[in-house]
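Examining the three-dimensional arrangement
Here is what each chain is made of, one letter per residue.
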Amino acid sequence: MTAQSSAEKAAAFLALHTGPGFVLPNAWDAGSARILAQLGFPAIATTSAGIAWSLGVPDGGAIDRDTMLTHVARIVAAVDVPVTADLESGYGGTPDDVAATVARAVELGAVGGNLEDAADGRLFDLEPAVERVAAARAAAPRGSFVLNARTDTYFVGATDDPFDRTVERAHRYIEAGADCIFVPGVVEADTIRRLAAAIPAPLNVVAGLASTIDAPTLFSLGVKRISLGGSLARAAYSLLERAGRELLDTGTLGFLDGALGYAELQRRFERR
C-alpha cells in the first residue's frame, strides 16, 4: 500500500461519517472481508471477538497484540476498501503502549481503529483514559486515521444512569483528538437519540448484540455509524454448529439449502 492510497482511503472513510449514516460490517478473516467488500460495503471493520473465536479461544484479551495485528494485516491486504481495526484497549497499560499499537496498525494499512476505555471489567479513570486517546491521536495524525473512542459506560461501572458520565467522557475524548465516539451497550431508542444530540461528533453504536434496533431506525435517531461487533461471526459459527448437529443427528444435508456452490464461492476469491 502506498502512502497516497492509504491517505485516500482514510479520507474516504472519514467522509462516510459526514453522510446520512453507514453500516460497517466486522470481518474476522481475509475470506469474510472479501465477501463483505464484494457485496458493496464501502468500508470494513475487524472484530476482535471473531478473530479470537477463529483461533479457538474466547473473546476478552486472550489474543496478544502481535497476533491480533497479524490478522488485521491479512484483512487489510485482502480488500481494496478502507479497514478500521478493533484495537481493544490498546494492548498495554500505558499511553506509550497505546501509541505503539496505533502506529503499528497504521503501518499495516488500517485507516481507523477503536480504542476502549475499560479492561478487566472496569472503566479506566477519566484522566488516564483521556491520556490514552491523546497518545493514539499523536501516533496517527488527524486525517490519516479515524480514531473511534469507545466508552464502556453502559457495560461496566454503571450503578445508576450512565448518560451523564458517557457524555462527559465523550467530550473529553473529542477534545483529546477522537474523530467519533462509540457507545456499545445502549439499547433504548430515546437514550440513543439523546446521546447523538449531546455528543458533538459522529456516534457509533453496535447493532445485533444488546441492541436489535434496525439500521434505518438508528439513522433516524442520529447515529452515523453502525457496527456489528461479532454478530456476523456468531451467525457463521451458529450455522456451522447447526450443520454439524444435523449431520450427527440425522445425517441429512438440509444445511446446504441456499448455500453457494463450490464454483460460485471460488469466484468470490478470484483476484480481478
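Residues numbered from 1 in each chain as written. Predicted model: local features only at pLDDT ≥ 70, side-chain atom pairs only at ≥ 80, totals over all residues. Heavy atoms only, no water.

1. Side note on the sheet that holds strand β2 (residues 26-27)
Within the open sheet, the nine strands sit side by side as β1-β11-β10-β9-β8-β5-β4-β3-β2. Their pairing is parallel. One side of each edge strand has no neighbouring strand; the edge strands of this open sheet are β1 (22-24) and β2. One ladder, built from two bridges, connects β2 with strand β3 (residues 44-46); its direction is parallel. Looking across to β3, one finds that Ala-27 is bridged to Thr-46. Here helix α6 (residues 126-139) sits on the sheet and contacts β5 (112-115) and β8 (146-150); the angle it forms with β8, its principal contact strand, is near 170 degrees. (Pairing = 2+ DSSP bridges. Helix = DSSP H or I, 4+ residues; strand = E, 2+ residues; numbered from the N terminus. Contact = heavy atoms within 4.5 Å. Axes fitted to C-alpha atoms, helices over the stretch in contact; angles between N-to-C directions.)

2. A few points about the pairing of strand β4 (residues 83-86)
What you see with β4 is no split at all: Val-83 and Ala-85 on one side and Thr-84 and Asp-86 on the other are buried throughout. The pairing of β3 with β4 spans two bridges and is classified as parallel. Across the sheet, residue Ile-44 finds its bridge partner in β4, namely Val-83. Pairing between β4 and β5: three bridges, direction parallel. (Buried < 20%, exposed > 50% of the residue type's maximum accessible area, 1.4 Å probe, protein only.)

3. Some details on a nonpolar patch on the surface
There is a patch of nonpolar side chains on the surface, built from Trp-53, Tyr-237 and Leu-240 and spanning about 280 Å² of accessible area. Assignment of secondary structure puts Leu-240 in helix α10 (residues 231-249). When its relative accessible area of 57% is taken as the criterion, Leu-240 is described as exposed. (Patch = residues over 30% accessible without salt bridge, like charges linked within 9 Å, V, L, I, M, F, W, Y side chains within 5 Å. Areas by Shrake-Rupley, 256 points an atom, 1.4 Å probe, with all protein chains shown as cover. Salt bridge = Lys/Arg side-chain N within 4 Å of Asp/Glu carboxyl O.)

4. Quick word on the pattern of salt bridges
Throughout the structure, instances matching the rule amount to 10 salt bridges. Linking Asp-117 and Arg-169 is a salt bridge whose minimum nitrogen-to-oxygen distance equals 3.2 Å. Here the residue Asp-117 occupies a position in the loop between β5 and β6 (118-119), and Arg-169 occupies one in helix α7 (residues 163-176), the gap between them amounting to 52 residues. Of the two residues examined, Asp-117 and Arg-169, each falls in the buried class. Several salt bridges share partner residues, and in doing so they unite Glu-116, Arg-150 and Asp-152 into one network.

Read these as layout, nothing more, since geometry by itself doesn't imply function.
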